[in-house]
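These are the residues of each chain, in order.
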Amino acid sequence: MFRAGDKVLIVACEDNPRAVGKTGRVLDEVPPGPLTNGRWTVDRISIRIAPVLVHAHEIRKAGS
């Protein structure tokens, strides 16, 4: 389970493959629901990569 502000490593990303291998921060305050199809929102990836939606199996917690 992830929380808002958690630093995560993106290991796969259907939404934007350019995000793979990069780190970002989880934006969601609550677990994802039907609006995002069960995907988490990850931001602060790169100045050139907008926030992405990822499934839980596509991200791993990273060191702070």
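Data block above holds the structure.
This structure is a prediction, so every number in the text was calculated from the model and none was measured.

K.L.:
When you look at the packing of aromatic side chains in this model, what are you seeing that I'm missing?
P.N.:
Each aromatic ring pair is summarised here by two numbers: the centre-to-centre distance and the angle between the ring planes. According to the stated counting rule, one finds 1 aromatic pair in the structure shown. A ring pair is formed by Phe2 and Trp40, whose centres lie 5.6 Å apart and whose planes are at 80°; its orientation type is edge-to-face. Within this pair, whereas Phe2 is found in the segment before strand S1 (7–10), its partner Trp40 is found in strand S3 (residues 40–43), the two being separated by 38 residues in sequence. With respect to burial, Phe2 and Trp40 carry one shared label: buried.

K.L.:
When you look at the nonpolar core in this model, what are you seeing that I'm missing?
P.N.:
Side chains that are nonpolar tend, in soluble globular proteins, to be buried together. In this structure, Ile10, Ala19, Val42, Ile45, Val52, Val54 and Ile59 are the most contacted members of the largest nonpolar core, which totals 13 residues. Sorting the residues of this core by element identifies S1, S3 and strand S4 (52–54) as the ones contributing at least two each.

K.L.:
Could you clarify how one ought to interpret the pattern of salt bridges in this entry?
P.N.:
Pairs can form between side chains of opposite charge whenever their charged atoms are close. Tallied over the full model, the rule gives 1 salt bridge. We note a salt bridge from Asp6 to Lys61, for which the minimum N-O separation is 3.6 Å. Of this pair, Asp6 sits in the segment before S1 while Lys61 is found in strand S5 (residues 59–61), placing the two residues 55 residues apart along the sequence. Judged by relative accessible area, Asp6 falls into the buried class, the value being 18%. With a relative accessible area of 54%, Lys61 lands in the exposed category.

K.L.:
Even after reading the chapter, I still don't get the sheet that holds S3, so can you show me in this structure?
P.N.:
Adjacent strands of a sheet form backbone hydrogen bonds with each other and so pair up, either parallel or antiparallel. Read across the open sheet, the 5 strands follow the order S4-S3-S2-S1-S5; overall the sheet is antiparallel. Edge strands, defined here as strands with exactly one partner in the open sheet, are S4 and S5. Here the average twist between neighbouring strands, direction ignored, is 45°. Bridge count for strand S2 (residues 23–26) against S3 is 2 bridges, and the pairing is antiparallel. Among the inter-strand pairings, Arg25 is bridged to a residue of S3, identified as Asp43.

What counts, and where the lines are drawn
Residues numbered from 1 in each chain as written. Predicted model: local features only at pLDDT ≥ 70, side-chain atom pairs only at ≥ 80, totals over all residues. Heavy atoms only, no water. Phe/Tyr/Trp six-rings, centres within 6.5 Å; stacked < 30°, edge-to-face > 60°. Helix = DSSP H or I, 4+ residues; strand = E, 2+ residues; numbered from the N terminus. Buried < 20%, exposed > 50% of the residue type's maximum accessible area, 1.4 Å probe, protein only. Core = buried A, V, L, I, M, F, W, Y, C linked by side-chain atoms within 4.5 Å. Salt bridge = Lys/Arg side-chain N within 4 Å of Asp/Glu carboxyl O. Pairing = 2+ DSSP bridges. Axes fitted to C-alpha atoms, helices over the stretch in contact; angles between N-to-C directions.

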